[in-house]
Amino acid sequence: MAQVRKRDSWGSRLGIIMAVAGSAIGLGNFLRFPAKAATNGGGAFMIPYFVSLFLLGIPLMWIEWTLGRYGGGFGHGTAPGIFHSVWQKNRFIKYFGIIGIFGPLVIFIYYTYIECWTLAYSFFALTGKYSHLADQAAMKSFLSGFQGLEYNQYFSGLKAAYVFFLITFVINITVIYYGIKGGIERLCKWAMPLLFVFGFVLLLRVITLGAPDASRPGWNIANGFGFLWNADFSSLRSAKVWLEAAGQIFFTLSVGIGVILTYASYLSKGDDVVLSGLTAASTNEFAEVILGSSIVIPAAFVFFGASDMRSIAGSGVFNLGFVTMPLVLNKLPWSAIMGFMWFGLLFLAGITSSVSLAQPAVAFLEDEFDISRKKAVAIFAAIAFVLCQAPIFFLKNGVVDELDFWGGTFFLVLFATIETILFAWVFGMEKAWDEIHRGADMAVPKIYKFIIKYITPLFLLFILGMWLWQEWLPIIFMKNIANGDKIYILATRLGLLGIFAVLAILVKIAWRRKRLLEEKVR
Ligand code: PFF
């Protein structure tokens, strides 16, 4: 196929590894993972977690890097075009690829808003806005005030949150505006090392905490680690724990949603994907299993003990990060700097992920409609800005959770299933194996040929089946949603359906346009 416009590309191999690691290492590593591990069986959670890493996460990482690079060779940076390149005879497969633009967009809508809280809190830490607060109730009320859930002495309304949202949104758009090499790669190359510096300083601070309160024997750092890692093996019998572990692997590695397809589409045909993909995934696992688990939970344990910790960890992903952690850091010397580092770390983790969520939509407009990056970014910014208002103003009605369920959970597994079957069965495992190894710096262990062909798709179909079986009806009929919120959730769902329909129409138009252009050339 003739390729008129020159596509963007990565500046260096280190650049794309940093960018993929940047996408993977995010709020999921430092907020979601510790909470999930602590509430799903502690150390035992790591069994389904690692099984999912080796049978789902790593194979999908390789599949997406390979498919992305392959599709990029045809001038396509998003799933509709990439799927079409793989299965040219099938007229419908491109429509399944819509999920690869839709999913990242849906996550972007709420992720950017949460990311702006971390920017706000790093500012509050430096200016001492919450430094006088000394107990959970006060800190919780500070957070609720900031989120606009209640009017109180700290905040009256959403003004502060909205200002930080605007700043965060503009930074995101600016990075994407400068493109793959000039924007995303440049950001990740300094943000990732800085994130690790902040992470190591905080880790060092936490493991040298000792036992600050002699009247509470047992509240020490060793038991803090024990709280997270002592295994409750009975949890392994619960299907929910397996689903949550698999879900965490997808979310943390940024696989199964189309983002890595897009990033890899900017590679050249002979660039290695095996070692690069593995390096990015390993960096993410280090940040998650070592750093992510060693900062929040042990620190909070030392100050609050086992029973409070359990209720905090179970009461919401954000409470650990935005309520407990600032309280803990308030009690330590250099609290302003430490608080700044904690929220700074979260912000860096967040921004390097959110730009990756924006890129598929931008790439779709550029590649399939031949419009300039600047124009594509402007269109994306206008649409995303409008959509982002929903989580800001309807957080209390459960809109964020709803978006997270569809974008961050359900469609992830569905898309991963389609992708894997397409790769192993339609593209064909022999051809796929050759394609993975094109330009490779190391060979993938042979066993993965079997895993990718049989185990990964079966595991995915099993997870999908279990979900439909256990949760479909209650979810469709909104069984667990408060009556007053049902209307908001319904509106969110209709909105999502609308976005999907618009994308489907755009795909149709793009393909028709291309067909007409090709006919004209002939
Ligand atoms: N991996 C990111 C995290 O752990 O926070 C979140 C994420 C980014 C998920 C990009 C999916 C994605 F495509």
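Residues numbered from 1 in each chain as written. Predicted model: local features only at pLDDT ≥ 70, side-chain atom pairs only at ≥ 80, totals over all residues. Heavy atoms only, no water.

1. Observations concerning the overall build of the protein
From N to C terminus, the protein includes 20 helices and 0 strands. Over its C-alpha atoms the protein spans a radius of gyration of 23 Å, differing by no more than 12% from the 24 Å that the globule rule assigns to 522 residues. Across the 522 residues in the protein, those meeting the buried criterion constitute 60%. For the protein, the share of sequence-separated contacts (at least 6 apart) that also reach a separation of at least 24 residues comes to 83%. (Helix = DSSP H or I, 4+ residues; strand = E, 2+ residues; numbered from the N terminus. Rg over C-alpha atoms; globule rule 2.2 N^0.38 Å. Buried < 20%, exposed > 50% of the residue type's maximum accessible area, 1.4 Å probe, protein only. Contact = heavy atoms within 4.5 Å.)

2. A short note on helix 15 (residues 335–369)
With 35 residues, helix 15 extends 51 Å from end C-alpha to end C-alpha; this agrees with the ideal 51 Å at 1.5 Å per step. Maximum bend of helix 15: about 30 degrees, positioned at Q359, with proline P360 one to four residues after it. Positive backbone phi, approximately 55 degrees, marks D370, located one or two places after helix 15. (Expected span 1.5 Å × (residues − 1). Bend = angle between axes of the 7 residues up to and from the residue.)

3. Digging into the packing of helix 11 (residues 239–253) against helix 19 (residues 447–476)
Closest axis-to-axis distance for the helix 11/helix 19 pair is 11 Å, and the angle between their directions is 125 degrees. Put simply, helix 11 runs oblique to helix 19. Our pair here, helix 11 against helix 19, has a crossing hand that is left-handed. Contacts between helix 11 and helix 19 involve A239, L243, A246 and F250 from the former and L460, I463, M466, W467, Q470 and E471 from the latter. Across the contact of helix 11 with helix 19, the residue classes break down as 8 nonpolar, 1 polar and 1 charged. (Axes fitted to C-alpha atoms, helices over the stretch in contact; angles between N-to-C directions. Parallel < 35°, antiparallel > 145°, perpendicular 65-115°, else oblique. Left-handed = near helix turned anticlockwise from the far one by under 90°. Nonpolar A, V, L, I, M, F, W, Y, C, P; charged D, E, K, R; others polar.)

4. Considerations on the site of the ligand
Near the ligand lie 15 residues; those nearest to it are A24, G28, Y111, F251 and I257. Between the ligand and T252 there is a distance of 3.3 Å, counted from a nitrogen atom to a backbone nitrogen or oxygen. Relative to its free-state accessible area of 340 Å², the ligand is covered by the protein chains to the extent of 100%. Counting residues per element, the ones that place at least two in the shell around the ligand are helix 1 (13–24), helix 2 (27–39), helix 11 and helix 15. (Near = heavy atom within 4 Å. Polar contact = N/O pair within 3.5 Å; in protein donor to acceptor, adjacent residues only side chain to side chain. Areas by Shrake-Rupley, 256 points an atom, 1.4 Å probe, with all protein chains shown as cover.)

5. Brief notes about the pattern of salt bridges
Taken as a whole, this structure holds 12 salt bridges when the rule is applied. One salt bridge connects R7 with D367, and the closest N-O pair in it is separated by 3.1 Å. A residue pair is termed long-range when its members are at least 10 positions apart, and R7 in the segment before helix 1 and D367 in helix 15 qualify at 360 residues. Comparing R7 with D367 shows no difference in burial state: the two are buried. Notably, a salt bridge pairs K189 with E185, separated by 3.8 Å at the nearest N-O pair. With K189 and E185 both in helix 9 (residues 179–207), this residue pair falls 4 residues apart, about one helical turn. (Salt bridge = Lys/Arg side-chain N within 4 Å of Asp/Glu carboxyl O.)

6. Considering the side chain of E115
Within the secondary structure, E115 sits in helix 6 (residues 99–127). Despite its burial, E115 pairs with no opposite charge; the closest candidate is R32, at 15 Å N-O. A distance of 2.6 Å separates a polar atom in the side chain of E115 from a polar atom in the side chain of S354. Contact partners of E115, with chain neighbours within four places excluded, come to L27, T168, N172, F347, G350, I351 and S354. (Lys, Arg positive; Asp, Glu negative; His and termini not counted.)

7. Things to note about a nonpolar patch on the surface
A cluster of nonpolar side chains, F393, F394, I487, Y488, L490, L494 and L497, forms an exposed patch at the surface whose accessible area comes to about 680 Å². Broken down by element, the residue count for the nonpolar patch peaks at 5 residues, all from helix 20 (residues 486–521). Exposure remark for L494: the relative accessible area of 53% places this residue in the exposed category. (Patch = residues over 30% accessible without salt bridge, like charges linked within 9 Å, V, L, I, M, F, W, Y side chains within 5 Å.)

8. Some words on unusual backbone geometry
Generally, phi is negative for residues other than glycine and the peptide bonds are trans, each holding for most cases. Positive phi, close to 60 degrees, is recorded for S254, a residue that is not glycine. Locating S254 in the fold gives a position in the loop between helix 11 and helix 12 (259–264). Since its relative accessible area comes to 10%, S254 is described here as buried. The backbone of D370 shows a phi angle near 55 degrees, a positive value even though the residue is not glycine. Within the element layout of this structure, D370 appears in the loop between helix 15 and helix 16 (373–393).

9. Observations regarding the state of the cysteines
Throughout the structure, instances matching the rule amount to 0 disulfides. In this structure C388 is not part of a disulfide, and its nearest cysteine sulfur, from C116, lies 9.6 Å away. (Disulfide = S-S within 2.5 Å.)

10. Comments concerning the environment of L267
Mapping L267 onto the fold places it in the loop between helix 12 and helix 13 (274–314). Residue classification places L267 among the buried residues on the basis of a relative accessible area of 12%. For the pair L267 and D8, spaced 259 residues apart in sequence, the C-alpha to C-alpha distance is 9.3 Å. When neighbours within four sequence positions are excluded, L267 is seen to be in contact with W10, I16, W65, R69 and V273.

11. Some words on the packing of aromatic side chains
Enumeration according to the criterion identifies 57 aromatic pairs in this entry. Consider the rings of Y121 and F146, whose centres lie 5.8 Å apart with planes at 85 degrees: the pair is edge-to-face. Here F146 lies in helix 7 (residues 136–146) and Y121 lies in helix 6, a separation of 25 residues in the sequence. In this arrangement the basic side chain of K453 is found over the ring face of W425, its NZ or CZ atom lying 4.9 Å from the centre. We note K514 situated over the ring of W511; from NZ or CZ to the ring centre the distance is 5.2 Å. (Phe/Tyr/Trp six-rings, centres within 6.5 Å; stacked < 30°, edge-to-face > 60°. Lys NZ or Arg CZ within 6 Å of the ring centre and 35° of its normal.)

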